[in-house]
Amino acid sequence: MELKEILSKSILVPSKLPDSDFVINPYTGCSFGCSYCYASFMSRYVEKEIDDWGNFVFVKKNAPELLQKDLKRFKNFGEGKIILFSSVTDPYQGVENKYQLTRKCLEVLLDFGFLGEVSILTKSSLIIRDIDLFAKFKHISVGLTITSVDDEISKFFEKFAPKVSERFLALEKLNSAEIDTYAFFGPILPHFASSPEKMEEVFMRLSKVGTKKLYIEHINLSNYIRNRLFAETNFSQEILKTFYESKTKNYRSKIDKFLVDLVKKYDMKILGGGKAIYHKDFNN
Ligand code: SF4
C-alpha cells in the first residue's frame with residue numbers, strides 16, 4: 001500500500017450530507033478497501049484510478065493545525081453545528097495508530113471549547129482508544145458500520161477492515177462507557193431480501209450490545225461502484241441476479257417492510273429522517 005504524507009489546503013469542509021454541517025477527513029484514501037465503497041470516486045482527486053481504491057492513503061499531516069485555524073470561523077463556539085468524522089475515509093483506519101490525526105483533531109475541538117455535536121463513523125475497533133476524549137464532549141455520537149453479523153461476510157466485502165464481531169464489541173465498550181452510539185446498517189446486502197431472519201440477527205446483536213439508534217442505507221450501485229464491486233468479487237450469475245434485483249421496487253418494499261417491523265420489535269430509532277437512505281438511480 002502506498003502511504004504518503006501531504007499538506008492539505010482545507011480540513012473543515014461544509015457538507016451536503018444529512019445530519020452534518022461539516023466533515024473532517026484526516027486522510028485521503030482508505031486502507032480498508034471495502035469493495036462496495038462509494039468513496040472510491042476520491043481516487044480521481046489524487047490522480048489514481050477507481051480500482052486503486054484501498055491501495056493508497058494520503059496522510060494530511062497538517063490537519064490539526066488547519067482545524068485550529070478553521071474553527072475561528074465559528075460563532076458561539078459552533079453551537080448547533082454538527083461535524084462528521086468522516087465522509088470519504090475511515091478516521092480510525094490502521095494509519096491512525098501511528099499518526100493519530102483523528103485524535104489530535106478531537107483534542108483541537110475540545111481545546112477550542114466546541115459546543116456543537118461531533119459524530120464519528122468507523123468500521124474500526126481502534127475507536128475505543130479515544131473513549132477518554134469522547135467522554136469530555138458535550139454532544140457526541142459514535143457509530144460503527146455493521147453490514148451483517150457474520151465475520152466471513154464482513155471479510156469478503158470489507159477485506160481489510162476489522163471483523164464485524166470486533167465492531168459489535170467496540171459498540172458494547174462504548175455503551176458501557178456511556179457514550180452515545182449508533183450503528184450504520186448499510187449497505188444492505190441483497191441476500192437479506194430472502195433471509196429476514198439474518199436481518200433480525202443484526203437487530204438482536206445491536207440490542208444485546210445496547211445500541212438503539214441506527215442509520216439504514218440501501219445499496220448504492222452507481223456505475224463506478226458496481227464496476228469495481230463486480231470486478232473484485234467475481235460473483236456467480238446467481239448472486240449477480242440478486243444484486244440487480246436490488247434496484248426493483250418489489251425488493252425495496254420487501255426490505256423496508258422487514259426493517260419497519262424490526263425497528264418496532266427491538267424498539268430502535270432510525271436516524272436520518274426516520275427512513276432508510278435510498279439511492280434511486282442505478283445507472284449513474
Ligand atoms: S471503511 Fe468506509 S471509506 Fe473505507 S473503504 Fe470501507 S466504506 Fe470506504
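It should be emphasised that the depicted structure is a prediction, and the values quoted were computed from it without experimental measurement.

1. So, the side chain of T89
No. 1: Of note, T89 is situated in the loop between strand 6 (82-85) and helix 2 (96-99).
No. 2: A relative accessible area of 9% means that T89 is categorised as buried.
No. 3: A polar atom in the side chain of T89 sits 2.7 Å from the backbone oxygen of G29.
No. 4: Filtering out sequence-adjacent residues up to four positions away, T89 remains in contact with N25, P26, Y27, G29 and C30.

2. Points about the sheet that holds strand 9 (residues 181-188)
No. 1: Read across the open sheet, the eight strands follow the order 2-3-6-7-8-9-10-11; overall the sheet is mixed. In the strand order of this sheet, the two ends are held by strand 2 (13-14) and strand 11 (269-270), each with one partner.
No. 2: Across the face of the sheet, helix 3 (residues 101-112) comes into contact with strand 6 and strand 7 (117-122) while running at roughly 165 degrees to strand 6.
No. 3: Seen against the sheet, helix 7 (residues 196-209) touches strand 8 (139-146), strand 9 and strand 10 (213-218) and runs at an angle of roughly 165 degrees to strand 9.

3. So, the nonpolar core
No. 1: If you look at the biggest cluster of nonpolar residues, it comprises 57 residues, and the most contacted ones within it are F134, M199 and F203.
No. 2: With six residues, helix 10 (residues 249-265) is the single largest residue contributor to this core.
No. 3: In this structure, M199 is in contact with F185, I188, F192, I255, F258, L259 and L262, ignoring residues within four places of it in sequence.
No. 4: Counting residues in hydrophobic clusters, the runner-up holds 21 residues, among them F32, A39, M42 and V88.

4. Topic: the site of the ligand
No. 1: Around the ligand sit C30, F32, G33, C34, C37, W53, T89, D90 and K123, and that is every residue in its neighbourhood.
No. 2: Of the residues that constitute the shell around the ligand, the class distribution is five nonpolar, two polar and two charged.

5. Comments concerning helix 1 (residues 63-70)
No. 1: Buried within helix 1 we find A63, P64, L66, L67 and D70. In an axial view of helix 1, the angular spread of the buried residues amounts to 160 degrees, which keeps them on one side of the axis. Among the exposed residues of helix 1, those oriented more than 90 degrees off its buried face are Q68 and K69.
No. 2: Residues of helix 1 that are buried in the fold lie against strand 5 (56-60) and helix 3.

6. Topic: the pattern of salt bridges
Should the charged atoms of two oppositely charged side chains come close, the side chains can pair.
No. 1: Under the counting rule described, the total for this entry stands at 13 salt bridges.
No. 2: In this structure, R129 and D130 form a salt bridge, with 2.9 Å as the shortest nitrogen-oxygen distance.
No. 3: By relative accessible area, R129 is classed as partly exposed at 25%.
No. 4: Residue K265 is joined to E200 by a salt bridge in which the shortest nitrogen-to-oxygen separation is 2.7 Å. Placement of K265 in helix 10 and of E200 in helix 7 is noted, with a sequence separation of 65 residues between them.

Scoring rules and cut-offs
- Residues numbered from 1 in each chain as written.
- Predicted model: local features only at pLDDT ≥ 70, side-chain atom pairs only at ≥ 80, totals over all residues.
- Heavy atoms only, no water.
- Helix = DSSP H or I, 4+ residues; strand = E, 2+ residues; numbered from the N terminus.
- Buried < 20%, exposed > 50% of the residue type's maximum accessible area, 1.4 Å probe, protein only.
- Polar contact = N/O pair within 3.5 Å; in protein donor to acceptor, adjacent residues only side chain to side chain.
- Contact = heavy atoms within 4.5 Å.
- Pairing = 2+ DSSP bridges.
- Axes fitted to C-alpha atoms, helices over the stretch in contact; angles between N-to-C directions.
- Core = buried A, V, L, I, M, F, W, Y, C linked by side-chain atoms within 4.5 Å.
- Near = heavy atom within 4 Å.
- Nonpolar A, V, L, I, M, F, W, Y, C, P; charged D, E, K, R; others polar.
- Arc of directions from axis to C-beta.
- Salt bridge = Lys/Arg side-chain N within 4 Å of Asp/Glu carboxyl O.

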